[in-house]
Amino acid sequence: MKVRELSRLLGGELHGEGDSEIHGVAGLEEAGPHDLTFAEGARAVGQAQHSRASCILVPQGVTIAGRTSVAVSHPKLAFIRAAEALLPKSHPQSGIHPTAVVAPSARIAASASIGPHVVIEDHVTVGERTVLKAGVFLGAGCQVGADCVLHPRVTVYEGARIGDRVILHAGAVIGSDGFGYVFGEGRQHKFPQLGGVRIENDVEVGSNSTVDRGSLGTTVIGEGTKLDNLVQVAHNVKIGRHCVIAAQTGISGSCEIGDFVMMGGQAGLGDHVRVADRCVIGGQAGILPGKVVREGATLWGTPARPFEEFRRIYVHYSRLPEMAKLLKELSDRI
Amino acid sequence: MKVRELSRLLGGELHGEGDSEIHGVAGLEEAGPHDLTFAEGARAVGQAQHSRASCILVPQGVTIAGRTSVAVSHPKLAFIRAAEALLPKSHPQSGIHPTAVVAPSARIAASASIGPHVVIEDHVTVGERTVLKAGVFLGAGCQVGADCVLHPRVTVYEGARIGDRVILHAGAVIGSDGFGYVFGEGRQHKFPQLGGVRIENDVEVGSNSTVDRGSLGTTVIGEGTKLDNLVQVAHNVKIGRHCVIAAQTGISGSCEIGDFVMMGGQAGLGDHVRVADRCVIGGQAGILPGKVVREGATLWGTPARPFEEFRRIYVHYSRLPEMAKLLKELSDRI
Amino acid sequence: MKVRELSRLLGGELHGEGDSEIHGVAGLEEAGPHDLTFAEGARAVGQAQHSRASCILVPQGVTIAGRTSVAVSHPKLAFIRAAEALLPKSHPQSGIHPTAVVAPSARIAASASIGPHVVIEDHVTVGERTVLKAGVFLGAGCQVGADCVLHPRVTVYEGARIGDRVILHAGAVIGSDGFGYVFGEGRQHKFPQLGGVRIENDVEVGSNSTVDRGSLGTTVIGEGTKLDNLVQVAHNVKIGRHCVIAAQTGISGSCEIGDFVMMGGQAGLGDHVRVADRCVIGGQAGILPGKVVREGATLWGTPARPFEEFRRIYVHYSRLPEMAKLLKELSDRI
């Protein structure tokens, strides 16, 4: 694709050589001739001069002396679009691999690709163009939508419902039993885990993450939400739309998370926490069971509190040795 | 089943309509006609009036105006029993799926169900009615008892011993090498991981949890203990009976945990920690290596300390800004 | 092997009976006749007298009354060597199991062992004597070196490069997509994850750990580095050589870790952290994004700080109730 065509596609403003050919995309430092890259932020724009890329996507109003650039309102987003245009996804061959074990009652779209050693139980449905890589397991009655990719060894327990354009990375487990026991007569009794799990459209779940089914209700991961690797979502949790939840975070039973919530890595939520829309939970933060977090709040620490409050306290925490010394001096003097 | 029969089965006291038919179980809010539900605690009992369930299990001495109820000493436990009676577990067909690879020296009970793509190595034994779902791996010499369920993709390394009625969820790994190295000559040398691992009766292990084999001794998960998802149990750990360990908790090498211990999510124990019976470890708590925790203690925070102590300190931590201000005023005045 | 031969092999100094036969290795307490064991540290040396082992490896200058011992400069390291000599690793039969699905374009060394239900995609190479256990998946274009062991259900995404003598434990995932999104127009857009991943020689990765591919660059795990179970390594991370990283630690995107770094369990590093050589990061420590940690530092707490500083502050934190009381008394008096 020529730079000129790319610029037109992205609705950008071209400065420099429009006839260069672009074959791929790369980071500022790794880019070579025929690569597209992007520069966002003052530091990156400064470095861009030394990039060997053929064309650099920059913010509006920016040009780079002696370099070909395309100015757009959101360079990183434009870069994503350009990558999609330049590197069209290859779809594996449709059809069912001869080593796959597919129940006769399952309904598999003709354009779907079912890899080696996949196991599909009774009454499962798999939508158009969906790809199940090697060793995927779909339990009885699962529904998987169109244009999904389930990477190797993904396990989906019986009855789970998965929307369209969902990506599940290797080893992810959807719909395993929730963790519920009742103590009596000297031992733990397993509480029924009969509920469902629903993964909505455009969700992505990282490698080896686990999403339990509801005990009696349903666990829900809302549209467009992204979970990183090794994330734990317990039974009956409801996560809203377009959330981003970083690796190793754990969300306990019956939590309700709003839309556009962001969580850092290794955060932990006790059971029945309610987090409203647009909250930000810091990495390693721990939210006590039952807590209600108001819209737009930023929480930090364990037990988690509003970031500003955390910081105000933390400053004094760091000065505790001086405080103690001063206190002793005063005490001695009086 | 009629309400009257259910009441008799549970040894409860029936109030209301004994002839209604019960077909299933559900939560208070989700229940419809022909469902059984339960109400424990004042709030749930209050809500129960609005439930559409045919019958509500309630604590002794409680009735709900205009509703059919069965009073029992422990409604939640009775609900579990009722669910077991109403929804008998379906056992998959016994036999060995033709795609399974089973060593001729393995001894598989005739009533066991061995799913597609299971791999069973030499000298393994699998007990009566045990179910191995798709893709389970049992390494050479493993022993698996009766009435177990191993969900898809469970991996059991060679020589592990698993009791009766054990449930291992998808992706769980039992018996992988412990994490032990000796530094010398500028690099890490792998310490032999030759020990065993024993999972006793009635244990349940969550999805993608990992239990390492002993290095020279044996790792043990005691009878009736339940591990949630993504839990890590290191080499030579001994966990007692009927413990409940929530998701993403990590237990380092050679820890010894007593009976009836409860751990919140994301707790971490350093190596050689000893936790006596009936302790409670809070979520995200971190216990320093070698620490001994006395019977019945409740620990909190990192480094973990008794909850009451933690709370006493934490109250003042929260007030640090005021303390600092007061201290400055005093200092200025003197 | 006779004790005398073993002593010679280890370059040690023999005290006692050189003609005893040694058949295996064991811990001090578990060892029986014909076992070799070791004692390092005063306590272990004291216990050694009661061991039933035929021979005890001890530090130079130590003997144990009435027992046969071999004195060496580093008993634990010598024990590893002896174990290797006494218990030669059995190599599974070479060849490709008939249930494995191997692309015709893949190049598999004749001495490699490819287990049941393994899937190997196009243009993969597998080196001499490498063992792929049941259900391993190697995506298109992967390179795996010689003498590796990939345990059951390991998933390696396309294009990953794995050196020699690498051990990947069950369920580990190498090369899954990094966690990168750009928010725009009300939803998250997936940033391209086109980079590579390189696992160098002598690396060991624990069960169910996850190592993401680079987004545009490459994720690297350096030579001889060991990762425990359930560790998360994000996109573009570079880890140096001979590091030891304990279970459930998470390393965010673009971190750079030097050589000989040690991390306790459940540590968390924010993105773009740089940790120089020979640092020690405490268990559950949390390092803020972008932080630079100087060579040889020991860090502790969240947010992490130098251990000495942490301890100095923490002492006063523990005494906060007394401080508050004293402060109140002074305030009342003035």
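Small disclaimer: the values here were computed from a predicted structure and weren't measured.

1. Details of a nonpolar patch on the surface
- Taken together, Ile334 of chain A, Ile334 of chain B together with Ile334 of chain C make up a surface patch of nonpolar side chains, about 220 Å² in accessible area.
- As for its position among the elements, isoleucine 334 of chain B is in the segment after helix 5 (320-333).
- By relative accessible area, isoleucine 334 of chain B is classed as partly exposed at 37%.

2. Description of the interface of chain B and chain C
- Listed as interface residues are 65 residues of chain B and, on the opposing side, 56 residues of chain C.
- Between chain B and chain C, the buried area comes to about 4600 Å², and carbon and sulfur atoms account for 67% of it.
- For the pair chain B and chain C, the interface holds three salt bridges.
- With a closest N to O distance of 2.9 Å, glutamate 185 of chain B and arginine 81 of chain C form a salt bridge.
- On the surface where chain B and chain C come into contact, there are 25 residue pairs in polar contact (both at pLDDT 80 or more).
- Only strand 19 (173-176), strand 20 (181-184), strand 21 (187-190), strand 24 (210-212), helix 4 (307-318) and helix 5 of chain B provide two or more residues apiece to the side of chain B that touches chain C.
- Residues of the side of chain B that touches chain C, tallied by class, amount to 31 nonpolar, 24 polar and ten charged.

3. Describing the relation of the copies chain C and chain A
- Overlaying chain C with chain A gives an RMSD of 0.0 Å, the required rotation being 120 degrees about an axis along which the chain moves by 0.0 Å. The two molecules are tied by a three-fold rotation axis, judged by turn and shift.

4. Re the sheet that holds strand 18 (residues 167-168) of chain A
Residue and element names in this part refer to chain A.
- Strand order across the open sheet formed by twelve strands is 6-9-12-15-18-23-26-29-32-35-38-39, with mixed pairing between neighbours. Pairing within the sheet leaves two strands with one partner each, and these edge strands are strand 6 (95-96) and strand 39 (305-306).
- Sheet analysis places strand 35 (residues 280-281) next to strand 38 (residues 298-300), joined by two bridges and oriented parallel. Within the sheet, the bridge partner assigned to isoleucine 281 lies in strand 38 and is leucine 299.

5. As for the interface of chain C and chain A
- Listed as interface residues are 65 residues of chain C and, on the opposing side, 56 residues of chain A.
- Buried surface at the junction of chain C and chain A, summed over both partners, amounts to about 4500 Å²; 67% is from carbon and sulfur atoms.
- For the pair chain C and chain A, the interface holds three salt bridges.
- The interface formed by chain C and chain A includes 26 residue pairs in polar contact (both at pLDDT 80 or more).
- A class-by-class count of the residues in the side of chain C that touches chain A yields 31 nonpolar, 24 polar and ten charged.

6. Quick look at the environment of histidine 23 of chain A
- Looking at the element boundaries, histidine 23 of chain A is found in the loop between strand 1 (13-15) and strand 2 (24-25).
- As for histidine 23 of chain A and leucine 86 of chain A, which are separated by 63 residues in sequence, their C-alpha atoms are 6.7 Å apart.

7. Concerning the packing of helix 4 (residues 307-318) of chain A against helix 5 (residues 320-333) of chain A
Residue and element names in this part refer to chain A.
- Viewed as axis vectors pointing N to C, helix 4 and helix 5 meet at an angle of 60 degrees, and their least axial separation amounts to 5 Å. Every residue of helix 5 that contacts helix 4 at His316, Tyr317 and Ser318 is listed here: Leu320, Pro321, Glu322 and Met323.
- Counted by class, the contact of helix 4 with helix 5 contains four nonpolar, two polar and one charged residues.

8. A few points about helix 4 (residues 307-318) of chain C
Residue and element names in this part refer to chain C.
- Its twelve residues give helix 4 an end-to-end C-alpha distance of 16 Å, which sits within 8% of 16 Å, the value for a rise of 1.5 Å per residue.
- Looking at helix 4, one finds that the buried residues are Phe310, Ile313, Tyr314, His316 and Tyr317. Viewed along the axis of helix 4, the buried residues span an arc of 160 degrees, placing them on a single side of the element.

9. What to know about the packing of aromatic side chains
- Applying the stated rule across the entire model yields 30 aromatic pairs over all chains.
- Judged by centre distance (5.5 Å) and plane angle (10 degrees), the rings of phenylalanine 310 of chain B and tyrosine 314 of chain B are stacked. Here the residue phenylalanine 310 of chain B and the residue tyrosine 314 of chain B both occupy positions in helix 4, the gap between them amounting to four residues, near one helical turn. Residues phenylalanine 310 of chain B and tyrosine 314 of chain B agree in their burial class; the two are buried.
- Taken together, a centroid distance of 6.5 Å and an interplanar angle of 55 degrees make the contact between tryptophan 300 of chain C and phenylalanine 310 of chain C tilted. On the criterion of sequence distance, the pair formed by tryptophan 300 of chain C in strand 38 (residues 298-300) and phenylalanine 310 of chain C in helix 4 is long-range, its members being ten residues apart.
- Stacked on the ring of phenylalanine 191 of chain A, the Lys or Arg lysine 76 of chain B has its end atom at 5.3 Å from the ring centre.

Parameters at a glance
- Residues numbered from 1 in each chain as written.
- Chains lettered and ligands numbered in written order.
- Predicted model: local features only at pLDDT ≥ 70, side-chain atom pairs only at ≥ 80, totals over all residues.
- Heavy atoms only, no water.
- Patch = residues over 30% accessible without salt bridge, like charges linked within 9 Å, V, L, I, M, F, W, Y side chains within 5 Å.
- Areas by Shrake-Rupley, 256 points an atom, 1.4 Å probe, with all protein chains shown as cover.
- Salt bridge = Lys/Arg side-chain N within 4 Å of Asp/Glu carboxyl O.
- Helix = DSSP H or I, 4+ residues; strand = E, 2+ residues; numbered from the N terminus.
- Buried < 20%, exposed > 50% of the residue type's maximum accessible area, 1.4 Å probe, protein only.
- Contact = heavy atoms within 4.5 Å.
- Buried area = accessible area lost by both parts, 1.4 Å probe.
- Polar contact = N/O pair within 3.5 Å; in protein donor to acceptor, adjacent residues only side chain to side chain.
- Nonpolar A, V, L, I, M, F, W, Y, C, P; charged D, E, K, R; others polar.
- Least-squares fit on C-alpha atoms with pLDDT ≥ 70 in both.
- Pairing = 2+ DSSP bridges.
- Axes fitted to C-alpha atoms, helices over the stretch in contact; angles between N-to-C directions.
- Expected span 1.5 Å × (residues − 1).
- Arc of directions from axis to C-beta.
- Phe/Tyr/Trp six-rings, centres within 6.5 Å; stacked < 30°, edge-to-face > 60°.
- Lys NZ or Arg CZ within 6 Å of the ring centre and 35° of its normal.

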